[in-house]
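Coordinate analysis (summary)
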Amino acid sequence: MTLSWSSSGWDVHLDWRPDTGARGLAEAIRAAIRDRRLTPGTAMPSTRELAKDLGIARGTVTRVYADLSAEGYLHTSQGAATKVRDLHPAAPVSAPRLRAAEPAVHRGFAPGSPDVSLFPRDRWLSATRRVLQRAPTALFGYPDERGSVTLREALAGYLARTRGVLADPERIVVCAGFSHAMALLARVLRDRGAEEIAFECPSLPQFRAVAKAAAEVRIAGVPVDEHGLRVSELDSPAVVLTPAHQYPTGVPLAPDRRTELTRWATRTGAMVIEDDYDGEFRFDRQQVGALQALAPERVAYVGTASKTLAPGLRIGWLVLPRTLVEPVRAAINATGWRPPALEQAVLAELISSGGYDQHIRRCRGIYRARREKLLDAIPDWLVPHGIAAGLQVLLRLPESGPGEAAVAAAARRRGLGVEMLGRHWIGEGPHPQGIVVGYATPAEHAFGPTLQTFLDVLAEVSR
């Protein structure tokens, strides 16, 4: 019979039999070190602990440790734990040398993320402590596929108050962000006969890719103008759009088109998927309410904590037409994945305590100040769009140039991450060119230097 030990506070398998004695024990420990089951720096159990664990004399273990120390497998020190030596210390690895024209590219002004350094660590920690102090044992069991009822109740109140969403906890499903929501909805709609999903043109290509991969549906593009999606050109059983702040152009869906869209969906039986990705961040005018309130049985509303808190949390939510709640729940159950229950409970506590609102208000002020600095600094030959809200602004490039390729190349030479408008279009052909500037992305201390680097890029391409 082979034995393991566990008295040191962790378990390790030793391929050792008692009848092999001290010699066999020494070889078993050597093998564990060579196989890196015992990694360099690991503290070995005391001779007393190991002897008790293995049922042998302490003197036997003392001799084994002494022999292995002499052989270089272990390191002993007076008054300190015996530790595993590194048998093959690696030579220091130098970082690859980059040519001057190819600096490492950081995210810089690349859109799609908030300033994650603003994550409210203290509020999150306090909320976590409160949850752990009073959470029922059931919290740590297998969760409901729809998500924590506590979070769904908190979201129902929050979304009704801040976004005008008509919601109750029974029609809310917690998911892992918009990509997860898009995959779930695409599968459900495909099972219900939808072979095509329309997206705004331009729009984020990765979400179109998610829908296509998840359900093998066709992707159709619907043009966007200064009033938002051209509803009159819709001819699909489902459409995905960003009505509060169109991404990436920044225009809100005009009131008459909101009405036209919901009437179209009601008349045709089509499903509207509303991506409310940054609805909390309005700067220059009153917030635009959720489209979902106009037709709650034809609009699937999707929101996330990715822009308000951090994308790494992977927490989002769907407010669904009642006919989709059970199909989406079943789709989540089929995948077997859902956001961790503890994080859901902490977010619910943060919302209910008011900490979530306070954090958003703080971030709104910071992002508004950044937007002003950006708009004050950019040269006159760039035309900004979508400046009333959000975490990014679209800078349209003049038809006379410079083009996106020149801007992207200059940014790469300076190691600056920026996003071009070009990749957002659906279909071939000439399209307006521009830069999507994510001014919320840099950490607070890095915003000034990042802005200056961006201005240097613009100065270079303008010459």
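Computed from a predicted structure; not experimentally measured.

Side note on unusual backbone geometry
For the peptide bond that leads from tyrosine 247 to proline 248, omega is 15 degrees, which places it in the cis range. A cis amide bond links glycine 401 to the next residue, proline 402, at an omega of 5 degrees. Within the secondary structure, proline 402 sits in the loop between strand E14 (393-396) and helix H12 (404-413). Even without a glycine there, the phi angle at arginine 36 is positive, about 65 degrees. Along the chain, arginine 36 turns up in the loop between helix H1 (21-34) and helix H2 (47-54).

Remarks on the sheet that holds strand E13 (residues 383-385)
Two modes of strand pairing occur in sheets, parallel and antiparallel, and in both the strands are linked by backbone hydrogen bonds. Taken together, the four strands give an open sheet; going across it, the order is E13-E14-E16-E15, and neighbouring strands pair in antiparallel fashion. Two strands in the sheet have a free side with no partner beyond their single neighbour: E13 and strand E15 (419-420). Where E13 meets E14, three bridges bridge the pair, whose relative direction is antiparallel. By the bridge assignment, proline 384 is partnered in E14 with leucine 395.

A closer look at the packing of aromatic side chains
According to the stated counting rule, one finds seven aromatic pairs in the structure shown. Between phenylalanine 109 and phenylalanine 447 the ring centres are 5.9 Å apart and the planes differ by 55 degrees, which places this aromatic pair in the tilted class. Of this pair, phenylalanine 109 sits in the loop between strand E4 (83-84) and helix H4 (121-134) while phenylalanine 447 sits in helix H13 (residues 444-462); the two residues are 338 residues apart in sequence, bridging distant segments of the chain. Pair check on accessibility: phenylalanine 109 and phenylalanine 447 agree, each one buried.

So, the sheet that holds strand E9 (residues 238-241)
Pairing is mixed in the open sheet, where eight strands are placed in the order E5-E12-E11-E10-E9-E6-E7-E8. Two strands lie at the open edges of the sheet, namely strand E5 (172-175) and strand E8 (228-229), each paired on one side alone. Examined bridge by bridge, E9 and strand E10 (residues 271-275) share four bridges and lie parallel to one another. Bridged to alanine 238 within E10 is methionine 271. Its contacts with the sheet place helix H5 (residues 149-163) against E5, strand E11 (299-304) and strand E12 (316-319), and it is angled at close to 105 degrees to E5.

Description of the environment of proline 296
Topologically, proline 296 is positioned in the loop between E10 and E11. Residues proline 296 and arginine 322 lie 26 residues apart in sequence; the distance between their C-alpha atoms is 8.7 Å. Those residues within four positions of proline 296 in sequence are excluded, and the remaining contacts are Leu166, Arg171, Leu320 and Pro321.

About the thresholds
Residues numbered from 1 in each chain as written. Predicted model: local features only at pLDDT ≥ 70, side-chain atom pairs only at ≥ 80, totals over all residues. Heavy atoms only, no water. Helix = DSSP H or I, 4+ residues; strand = E, 2+ residues; numbered from the N terminus. Pairing = 2+ DSSP bridges. Phe/Tyr/Trp six-rings, centres within 6.5 Å; stacked < 30°, edge-to-face > 60°. Buried < 20%, exposed > 50% of the residue type's maximum accessible area, 1.4 Å probe, protein only. Contact = heavy atoms within 4.5 Å. Axes fitted to C-alpha atoms, helices over the stretch in contact; angles between N-to-C directions.

Remember, this is a structural readout, not a statement about activity or role.
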